[in-house]
Amino acid sequence: MSEAGGWEVVFETQDESAWRAYLRLLRAADEQIDWSAARMDTFCGRLTQPTTYRLSLFVPDRARPDH
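Here goes a summary of the coordinates provided. (Residues numbered from 1 in each chain as written. Predicted model: local features only at pLDDT ≥ 70, side-chain atom pairs only at ≥ 80, totals over all residues. Heavy atoms only, no water.)

## Some points on helix α1 (residues 16–28)
Along an α-helix, a turn takes 3.6 residues, which lines up residues three or four apart on a common side.
Move 1: Helix length check: α1, at 13 residues, gives a terminal C-alpha distance of 18 Å against a target of 18 Å (1.5 Å per residue), a fit within 8%.
Move 2: Taken residue by residue, α1 has Trp 19, Leu 23 and Leu 26 as its buried positions. All buried residues of α1 project into a common sector of 60° when viewed along the axis, lining one side. In α1, the exposed positions angled more than 90 degrees off the buried face are occupied by Ser 17, Arg 24, Leu 25 and Ala 28.
Move 3: Contacts from the buried residues of α1 go to β1 (5–13), β2 (38–43) and β3 (52–60). (Helix = DSSP H or I, 4+ residues; strand = E, 2+ residues; numbered from the N terminus. Expected span 1.5 Å × (residues − 1). Buried < 20%, exposed > 50% of the residue type's maximum accessible area, 1.4 Å probe, protein only. Arc of directions from axis to C-beta. Contact = heavy atoms within 4.5 Å.)

Pasting the structure below:
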């Protein structure tokens with residue numbers, strides 16, 4: 001991304017089935033998100049923490065309410 005801005009978390013869960021269901025809903029929705037401005041992260045906690053799934057969208061500074 002060449003613009004100044006930041007990543008805003010849209011959805012986060014430790015439940016893999018909820019993660020997959022949310023992504024299916026997004027893909028089937030009438031209003032599509034810009035997948036080129038999306039980031040999907042999987043944080044593997046190994047044995048000490050549960051795995052966390054996170055969807056974030058890049059929001060340019062000019063579109064952020066605090067700028």
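## Side note on the nonpolar core
One recurring pattern in soluble globular proteins: nonpolar side chains tend to sit buried together.
Move 1: Counting residues in each nonpolar core, the largest one holds 7 residues, listed as Phe 11, Trp 19, Leu 23, Leu 26, Ala 38, Tyr 53 and Leu 55.
Move 2: At 3 residues, the largest contribution of residues to this core is made by α1.
Move 3: With residues near it in sequence (within four places) discarded, Phe 11 still touches Ala 18, Trp 19, Tyr 22, Tyr 53, Arg 54 and Leu 55. (Core = buried A, V, L, I, M, F, W, Y, C linked by side-chain atoms within 4.5 Å.)

## A word on the environment of Asp 41
Move 1: Along the chain, Asp 41 falls in strand β2.
Move 2: Residues Asp 41 and Ser 56 lie 15 residues apart in sequence; the distance between their C-alpha atoms is 8.2 Å.
Move 3: Setting aside chain neighbours within four positions, we find Asp 41 in contact with Thr 52, Tyr 53 and Arg 54.
Move 4: Looking at Asp 41, its side chain comes within polar contact range of the side chain of Arg 39, at 3.0 Å. (Polar contact = N/O pair within 3.5 Å; in protein donor to acceptor, adjacent residues only side chain to side chain.)

## Here we look at the packing of aromatic side chains
Move 1: Under the counting rule described, the total for this entry stands at 4 aromatic pairs.
Move 2: Plain terms: the ring middles of Trp 7 and Phe 58 are 5.4 Å apart, the flat faces sit at 70° to each other, and that makes the pair edge-to-face. Placement of Trp 7 in strand β1 and of Phe 58 in strand β3 is noted, with a sequence separation of 51 residues between them.
Move 3: By relative accessible area, which is 34% here, Trp 7 ends up partly exposed. (Phe/Tyr/Trp six-rings, centres within 6.5 Å; stacked < 30°, edge-to-face > 60°.)

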